[in-house]
Amino acid sequence: MKKIITLLILSTVVLNIHCQEPEETESWSRIPAVVTPGTGTQPPSDAIMLYGGTGDLDNWVAEKKGAVKWIAEEFLTVVPKSGGIKTKKSFGDVQLHVEWRTPEVMKGDGQGRGNSGIFLMGKYELQVLDSYENKTYYNGQAGSIYKQHIPLVNACLPPGTWQAYDIIFTAPQFKEDGSLESPAYMTVIQNGILVQNHVELKGPTAFIGKPKYKSHPGKLPLMLQEHSNPVSYRNIWVREL
Ligand code: MG
């Protein structure tokens, strides 16, 4: 009897599968927008070019106040002691492409060599550092989410070489009472190599103490750090997700 029931169930399942049409699992609910991929210094067609090497600082302001004092020529270069810079526009979830170069002439060591940083929403730092044969705490080297996540590998090129970060950032969400709804996530590809794989951020990256979330707007400016070292940037573009 048991055998007969099992056979009946099995044949019903088989019959059901055979009654289905392939079209039933096709989705026509959303047409993907056509985006022309970028080539070289040309970003994808739907990206916002934040610094394309034209010396144009229209998209940037000083982090604190006053005009941007960084050198804005073919590349954008940090002027030590001049403060960080941030975008005029605010962003939430993004795909971000940034090319950076630490000085060819090595000066200093550890955190003092080619230090800068890409602060998503001005709060969540993806470290920029000359980590080519330059030891520091691992969650503070290039490719780290500063003091939160050690990069999977060290994908650094020698100082003076242009390097690229491709970043996918999911902004944190907060409830109305200010408590955390969902944390921030980051994926980072450095020079074509995965260094952060959808890691969960524990809060804004902090120099001292444990990170802790505090409610903030859904979109905030992107910030580039001035850390006394003349690091250069170029070809910075962003796609809002
Ligand atoms: Mg830094």
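See the structure printed just above.
Parameters and conventions
- As a convention, each chain's residues are numbered from 1 in the sequence order in which they are written.
- Local features are withheld for residues below a pLDDT of 70 in this predicted model, meaning they are given only at 70 or higher, and side-chain atom pairs are given and counted only at 80 or more; totals for whole chains, interfaces and linings count all residues.
- Each side-chain value is worked out from all heavy atoms of the structure, with water and hydrogens disregarded.
- Here the rule is simple: two strands pair whenever DSSP picks up at least two bridges between them.
- Numbering of helices and strands runs from the N terminus, with a helix taken as a DSSP run of H or I at least four residues long and a strand as a DSSP run of E at least two residues long.
- Residues are said to line a cavity or pocket when one of their atoms sits within 4 Å of a point; the points come from a 1 Å grid over protein atoms alone, cavities being sets where a 1.4 Å probe fits but cannot get out and pockets being open sets with protein on both sides within 12 Å along at least five of seven lines.
- Grid points are joined across faces, edges and corners, and a volume is the space filled by probe spheres set on the points.
- Three categories are distinguished: nonpolar for Ala, Val, Leu, Ile, Met, Phe, Trp, Tyr, Cys and Pro, charged for Asp, Glu, Lys and Arg, and polar for the others, with Gly belonging to the last.
- Working rule for contacts: check all heavy atoms of both residues, and any pair within 4.5 Å makes them a contact.

**Q** Requested: an account of the pairing of strand 5 (residues 85-91), with residues and values cited.
**A** Note: strand 2 (residues 60-62) against strand 5, three bridges, orientation antiparallel. Of the residues in strand 5, the one forming a bridge with W60 is T87. Bridging between strand 5 and strand 14 (residues 220-224) involves four bridges; their strand directions are antiparallel. Bridge pairing in strand 14 links K86 to M223.

**Q** Give me the lowdown on empty space enclosed by the protein, citing residues and values where you can.
**A** By rolling a water-sized probe across the atoms, one finds the places where empty space is left. Taken as a whole and judged by the stated rule, the model has one cavity of 30 Å³ or more. Space inside the largest cavity adds up to approximately 50 Å³. Along the walls of the largest cavity sit F91, G92, V94, L120, M121, L220, P221, L222 and V238, which together make up its complete lining. Considering each element in turn, the lining of the largest cavity owes the most residues, three residues, to strand 14. Split into classes, the residues belonging to the lining of the largest cavity amount to eight nonpolar, one polar and no charged.

**Q** Tell me about the environment of E104, and name the residues and values.
**A** Relative to the helices and strands, E104 is located in the loop between strand 6 (94-101) and strand 7 (116-120). Once the C-alpha coordinates of E104 and P158 are considered, the two residues, 54 residues apart in sequence, prove to be 8.1 Å apart. Filtering out sequence-adjacent residues up to four positions away, E104 remains in contact with P159 and G160.

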